[in-house]
Amino acid sequence: MTKEVILTGNDLTLDDVIGVAREGWSVKISAEAIEAVKKSREIIDDIIANNRVTYGVTTGFGSLVSVSISPEDASELQENLIRTHSSGFGDPLSREEVRATMLIRINSLVKGCSGIRLSTVEMLLAMLNKDVVPFIPEKGSLGASGDLAPLAHMVLPMLGLGRAYFSGELLSGKEAMQKAGIDTIHLAAKEGLALINGTTVLTAVGALATYDAVELVKLSDIAGALSLEVHNGIVDVFDEALHRIRPQYGQLATAQNMRNLVAGSTKVVHASTERVQDPYTLRCIPQIHGANKDSISYVKAKVEIEINSATDNPIVTESGKVISGGNFHGEPLAQPFDFLGIAASEIGNVSERRVERLVNHSLSGLPSFLVKHPGLNSGFMITQYAAAALVSENKVLSHPASVDSIPSCENQEDFVSMGTIAARKARDIVNNSQRVVATEIMAACQALDFDEKQAGELGKGTQAAYDTFRKSSSFIENDHDIEIYDELEKATEVLTSGRLVKAVEEVVSLELQVK
């Protein structure tokens, strides 16, 4: 049964965003939110009736704020805004990114701070529930005044313009709306600005990336534990007493996760005079993975504030004041999404180094490149190359977008966030690191199947991970039996589908933070 999310403007969660964007959950607006929308619209109607000077309602936009607009031209002003601002470029945002954008925008509008008509909000809601997905080019936003260009593309089909997907087919906006049984509209005063002025696209893209990063950091613990089993790693380094004297939340959680994952293993060992230390990529898993957990937890908290915020301009207050402010500015999310990219990049970096330890005979003691008859077979040789390429690309992408600004709108908008670029970069880094971690898990499972060295029992969590992974990906005997790309694709799908984390969490706990 499909779950229903009821929007109040105040309590949308990241899990709700994922459910609507990816699983197709239905959405409705609460009765209280409906009343809030109606009340804010009454204030805008009063401004129009009395021809009071109000930015974006009875004036032009940006540096054209001094140009007066008559009530008769109010609708044309808003529709001109949509036509001219829809100047994006590049590949379209994914279906899930657009659906997340629509959901977050509706939730912002129903706070009752935007002065939009209820019927217009309900139209956007109908598009979301009937899966009309506007074609939104992913490039062209400065992240202030919000995501003007991409959000204008979102609005075009509402006017019978632009393009949109319906039933998976890209159609003209007018045809998509007709096939969905939704009438197009003309915008009223303030509505164009209410729909496109805000941080919605950068928040949506970053929210999905944040959710995936939370899952990825759990997968990185699973991958690290499997590599530890292969190398008969030293488990003393996960002792809680060691980490309580440096009680960083993510570090404590990672040490606990590692203890849970390898509990009952006969492969891992304790330190001895013959074997005192493991290399950093095994010994320092709590410190390295833990830092990533802390960064991702910080970003998640910022996202959950933003998806329940009003970020357009001007804002209509409960008292009836209309304030032209700066809630559209993306800086509060731009910096966290840069931070998210750095954390996700580090997940890939440490995972790639463990891939190298697995495929390198001199470090693992296993056959070179984890294949029988190396030389005749190349085995996992180039999987490490590909992983190295991805982590190197991530290092380039990790340069922060938020430190850049280019003035716009005749220097009226003279400091912008570039937050949408930060969100897109974080998304791409997470995707790259997912592949690297999938490569590590695939290599670790291959290594564990060389029985002559790896006799013994896996831990409770690592056994569940191994068993789940092996349902989709088999041991590779010879190069001529496989196409390695297909095997890597299967490995990646096991991770991104959520099956691996779910299987492990059915037997052991995987925490993001412990205090």
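Since this is a predicted model, take the numbers as computed values, not measurements.

## Looking at the packing of aromatic side chains
Evaluated as defined, the whole model comprises three aromatic pairs. Taking 5.6 Å as the distance between ring centres and 75° as the angle between the ring planes, the aromatic pair formed by Phe450 and Phe475 counts as edge-to-face. Residue Phe450 is located in the loop between helix H17 (419-448) and helix H18 (460-470), and its partner Phe475 is located in the loop between H18 and helix H19 (484-496); the two are separated by 25 residues in the primary sequence. Look at Phe450 and you get buried, because its relative accessible area is 3%. Judged by its relative accessible area of 22%, Phe475 is partly exposed. Against the face of Phe135 rests Arg163, its NZ or CZ located 4.1 Å from the ring centre.

## Here's the deal with the pattern of salt bridges
A complete count under the given rule lists 27 salt bridges for this structure. With its nearest N and O atoms 3.1 Å apart, the salt bridge here joins Glu96 to Arg22. With Glu96 in helix H4 (residues 95-109) and Arg22 in helix H1 (residues 14-23), the pair connects residues that are 74 residues apart, well separated along the chain. Judged by its relative accessible area of 25%, Arg22 is partly exposed. Of the charged contacts in the structure, one is a salt bridge between Asp278 and Arg275, with a shortest N-O distance of 2.8 Å. Taking the relative accessible area as the measure of exposure, Asp278 reaches 6% and is therefore buried. Connected through salt bridges with shared partners, the residues Glu97, Glu138, Arg424, Arg427 and Asp428 form a single ionic network.

## Considerations on the UniProt feature "modified residue: 2,3-didehydroalanine (Ser)" (unreviewed entry) in the chain
UniProt marks Ser145 with the feature "modified residue: 2,3-didehydroalanine (Ser)" (unreviewed entry), using the numbering shown here. As for its placement among the helices and strands, Ser145 is situated in the loop between strand E5 (137-139) and helix H6 (148-155). Those residues within four positions of Ser145 in sequence are excluded, and the remaining contacts are Ile196, Asn197, Gly198, Phe328 and Glu413.

## A few points about the packing of H4 against helix H5 (residues 118-129)
When two helices pack together, their arrangement is given by the angle between the helix axes and the distance between those axes. Two numbers describe how H4 lies on H5: the axes approach to 10 Å, and their chain directions differ by 155°. Considered as vectors, H4 and H5 are oriented roughly antiparallel to each other. Crossing of H4 over H5 shows left-handed handedness. Between H4 and H5, the contacting residues are Arg99, Met102, Leu103, Arg105, Ile106 and Leu109 on the first element and Val121, Leu124, Leu125, Met127 and Leu128 on the second. Split into classes, the residues belonging to the contact of H4 with H5 amount to nine nonpolar, no polar and two charged.

## Considerations on helix H16 (residues 381-397)
The terminal C-alpha atoms of H16 lie 25 Å apart, and with 17 residues this matches the ideal 24 Å at 1.5 Å per residue to within 8%. Considered for burial, the residues of H16 that qualify are Thr383, Gln384, Ala387, Leu390, Val391, Asn394 and Leu397. Seen end-on, H16 carries its buried residues on one side only, within an arc spanning 140°. In H16, the exposed residues that point more than 90 degrees away from the buried face are Lys395 and Val396. Of the surrounding elements, those touching the buried residues of H16 are helix H14 (331-359), H17 and H19.

## Re the domain arrangement of the chain
Domains assigned within the chain are domain 1 (4-197) and domain 2 (207-506). Taking the mean C-alpha position of each, domain 1 and domain 2 sit 35 Å from one another. Facing the 46 residues of domain 1 at the interface are 38 residues of domain 2. Summed over both sides, the interface between domain 1 and domain 2 buries roughly 3300 Å², with carbon and sulfur atoms accounting for 56% of that surface. Applying the counting criterion to the domain 1 and domain 2 interface returns five salt bridges.

Criteria and cut-off values
- Residues numbered from 1 in each chain as written.
- Predicted model: local features only at pLDDT ≥ 70, side-chain atom pairs only at ≥ 80, totals over all residues.
- Heavy atoms only, no water.
- Phe/Tyr/Trp six-rings, centres within 6.5 Å; stacked < 30°, edge-to-face > 60°.
- Helix = DSSP H or I, 4+ residues; strand = E, 2+ residues; numbered from the N terminus.
- Buried < 20%, exposed > 50% of the residue type's maximum accessible area, 1.4 Å probe, protein only.
- Lys NZ or Arg CZ within 6 Å of the ring centre and 35° of its normal.
- Salt bridge = Lys/Arg side-chain N within 4 Å of Asp/Glu carboxyl O.
- UniProt positions renumbered as here; feature names shortened; annotations may be inferred.
- Contact = heavy atoms within 4.5 Å.
- Axes fitted to C-alpha atoms, helices over the stretch in contact; angles between N-to-C directions.
- Parallel < 35°, antiparallel > 145°, perpendicular 65-115°, else oblique.
- Left-handed = near helix turned anticlockwise from the far one by under 90°.
- Nonpolar A, V, L, I, M, F, W, Y, C, P; charged D, E, K, R; others polar.
- Expected span 1.5 Å × (residues − 1).
- Arc of directions from axis to C-beta.
- Domains from an automatic or database assignment.
- Buried area = accessible area lost by both parts, 1.4 Å probe.

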